[in-house]
Amino acid sequence: MRLPEHIRRVPKADLHVHLEGTITPDLVKRIAHRNKIKLPDELLKREGQTFQWKEDPTPLGSLRGFLQAYDDATKVLRGAQDYTDLTYDYLKRSAEEENCIYAEIMVSADHGAMAKLSWPDMLAAITRGYEKAKAETGIEMRLISTCVRHYGPEGALKVGELTRAHPHPLVTGFGMAGDETAFKIADFLPAYEASGLKNRTAHAGEATGPATVREARDVLKIRRFGHMVRAIEDSALMDEQKAINAVPEVCVSSNMALKVFTDYRKHPLRKFFDAGLKVVLGSDDPTFFRTSIGREYQIAQEKFAFTEKELAKLTRNAIEEAFIDEPTRAKLLQRVDAFKAAA
Ligand code: HPA
Ligand code: ZN
């Protein structure tokens, strides 16, 4: 999927992306071969660079079916080299082909454990992939240590504790992904507190509605939200979110693939932006949802009439709200502003 040049040249930031969700079928095959693993038959049946999963025809059925495929694809990963390759592959292609200047990637100690990696070893492996990609392209990356909601509060607490026990300069935030209907958000507050990290985000308002967004905001005290798109169903909530200067991490292709919306015209990206919400974009699980961060910017332009200036604003929002140190933020903002000046 090559981007048209007028989209490619816009500097981009991916503020919502799950590391294992970037794995290409080619890399799955290569790693499965290296690790002598037989792949589940279903997974690679679809044409092209994507995966297949079974689902019932509802947003929750789609999310659950997808999450199973995500774990199935992750099962090929069995060690440090696999995580190094995965990280390098994603960052290199995003930077080189799409002019992505910053990616903030969700990483899960639970998925590392499935690959037989301790949390520190997983982070070291990811760091090696990042350093190589950064040396070759200049891309910046930070990590969000992410617990998985449907693995339960006790598992999440362990992830929080591991995060605090092994501080790492690239791990700058804590988050929660997974099935939004599992348990209550309050059950995960101990995990967030145990992590010791002040920068927080959580998936809310994707498969479930406004109540989850309020719960995440009020219990976890967050301003950044994974998705938040279903806040559009409640105009009072939209006003409340605007009042706290909320940052919705919007992933249009993910929402379409998981049937949160059935039509681009029903998707609230434009409404969010026009309401003054500080929208940022994410590719979520790009190979599963047949997308990339560049493609998300392209969709913003083609389906939601974002001008080049507005696309650059999305990147500026992302850099302003990134979980990153101030000198790096300033450096990245300069890259966005240099583009605007040249455009
Ligand atoms: N949604 C919720 N949880 C996830 C996702 C997603 O798209 N990807 C990985 N975990
Ligand atoms: Zn996500």
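Anyway, here's the lowdown on the structure attached to this text. These figures come from a predicted structure and were not determined experimentally. (Residues numbered from 1 in each chain as written. Chains lettered and ligands numbered in written order. Predicted model: local features only at pLDDT ≥ 70, side-chain atom pairs only at ≥ 80, totals over all residues. Heavy atoms only, no water.)

## Looking at the sheet that holds strand β8 (residues 280-281)
Item 1. The strand order across the open sheet formed by four strands is β5-β6-β7-β8, and the pairing between neighbours is parallel. Each edge of the open sheet carries a strand with a single partner, namely β5 (201-204) and β8. (Pairing = 2+ DSSP bridges. Helix = DSSP H or I, 4+ residues; strand = E, 2+ residues; numbered from the N terminus.)

## Describing helix α10 (residues 235-243)
Note that an α-helix has 3.6 residues per turn; residues three or four places apart therefore point the same way.
Item 1. Three or more residues of α10 are buried, namely L237, M238 and Q241. Around the axis of α10, the buried residues are gathered within 105° of arc, so they sit on the same side. Across from the buried face of α10, at angles greater than 90 degrees, the exposed residues are S235, D239 and A243.
Item 2. Buried-residue contacts for α10 involve α9 (210-220), β6 (224-227) and α12 (269-274).
Item 3. Regarding α10, its N-cap is D234, as a side-chain oxygen of that residue lies 3.0 Å from the backbone nitrogen of A236 further along.
Item 4. Backbone geometry just downstream of α10 places N245 in the positive-phi region, at approximately 55°. (Buried < 20%, exposed > 50% of the residue type's maximum accessible area, 1.4 Å probe, protein only. Arc of directions from axis to C-beta. Contact = heavy atoms within 4.5 Å. Polar contact = N/O pair within 3.5 Å; in protein donor to acceptor, adjacent residues only side chain to side chain.)

## Topic: the coordination of the zinc ion (ligand 2)
Item 1. The zinc ion (ligand 2) binds to the protein through H16 (NE2), H18 (NE2), H203 (NE2) and D284 (OD), with metal-donor distances spanning 2.1 to 2.2 Å.
Item 2. One can describe the donor arrangement at the zinc ion (ligand 2) as irregular, given that its four donor atoms subtend angles of 88 to 175° at the metal.
Item 3. Taken in chain order, the donor set of the zinc ion (ligand 2) reads H-x1-H-x184-H-x80-D. Taken together, the residues H16 in strand β1 (residues 12-18) and D284 in the loop between β8 and α13 (293-304) connect sequence positions 268 residues apart.
Item 4. Overall, D284 belongs to the buried group, its relative accessible area being 2%. (Donors = N, O, S within 2.8 Å, 3.2 Å for Na, K, Ca; no water. Tetrahedral: all angles 85-135°; square planar, octahedral: opposite > 155°, others 65-115°.)

## Brief notes about the nonpolar core
Item 1. Core analysis: the biggest nonpolar cluster contains 94 residues, and I23, Y83, I105 and F288 have the highest contact counts within it.
Item 2. Of the residues forming this core, the biggest block, seven residues, is contributed by helix α6 (residues 119-137).
Item 3. Ranked by size, the runner-up nonpolar core spans 13 residues in total, among them Y102, I324, L332 and V336. (Core = buried A, V, L, I, M, F, W, Y, C linked by side-chain atoms within 4.5 Å.)

## Regarding unusual backbone geometry
Peptide bonds are, in most cases, trans, and in most cases residues other than glycine have a negative phi.
Item 1. One non-glycine residue, N99, lies in positive phi territory at about 60°.
Item 2. The residue N99 is located in the loop between α4 (80-98) and β2 (100-107) in this model.
Item 3. Using a relative accessible area of 17% as the deciding quantity, one classes N99 as buried.
Item 4. At M228, a residue that is not glycine, the phi angle is positive and equals roughly 65°.
Item 5. Structurally, M228 can be placed in the loop between β6 and α10.

## Here we look at the state of the cysteines
Item 1. Overall, the coordinates contain zero disulfides when judged by the stated rule.
Item 2. C251 provides the cysteine sulfur closest to C100, a residue in no disulfide bond, and the two sulfurs are 13 Å apart.
Item 3. Owing to a relative accessible area of 3%, C100 belongs among the buried residues under this scheme. (Disulfide = S-S within 2.5 Å.)

## Notes on the site of ligand 1
Item 1. Every residue near ligand 1 is listed here: H18, L63, F66, L67, Y70, A177, G178, H203, E206, D284 and D285.
Item 2. One of the side-chain nitrogen or oxygen atoms of H18 is found 3.4 Å away from a nitrogen atom of ligand 1.
Item 3. Contacts to ligand 1 include D284, whose side-chain N or O atom sits 3.0 Å from an oxygen atom.
Item 4. Counting atoms within 2 Å of the grid points, the majority share of ligand 1 lands in the largest cavity.
Item 5. Of the residues forming the shell around ligand 1, the biggest block, four residues, is contributed by helix α3 (residues 59-74).
Item 6. Of the residues assigned to the shell around ligand 1, the class counts are five nonpolar, three polar and three charged. (Near = heavy atom within 4 Å. 1 Å grid on protein atoms, 1.4 Å probe; cavity = no way out; pocket = protein on both sides within 12 Å on 5 of 7 lines; lining within 4 Å. Sits in = over half its atoms within 2 Å of the grid points. Nonpolar A, V, L, I, M, F, W, Y, C, P; charged D, E, K, R; others polar.)

## Concerning empty space enclosed by the protein
Item 1. Scanning the entire structure with this criterion turns up one cavity of 30 Å³ or more.
Item 2. The computed volume of the largest cavity comes to approximately 220 Å³.
Item 3. Considering the residues around the largest cavity, the lining is formed by 24 residues, among which H18, L67, Y70, A177 and G178 are closest to the centre.
Item 4. Listed by contribution, the elements that provide at least two residues to the lining of the largest cavity are α3, β2 and β3 (140-148).
Item 5. It is α3 that contributes the most residues to the lining of the largest cavity, five residues altogether.
Item 6. For the lining of the largest cavity, the residue count by class is 11 nonpolar, eight polar and five charged. (Points joined across faces, edges and corners; volume = space filled by probe spheres on them.)

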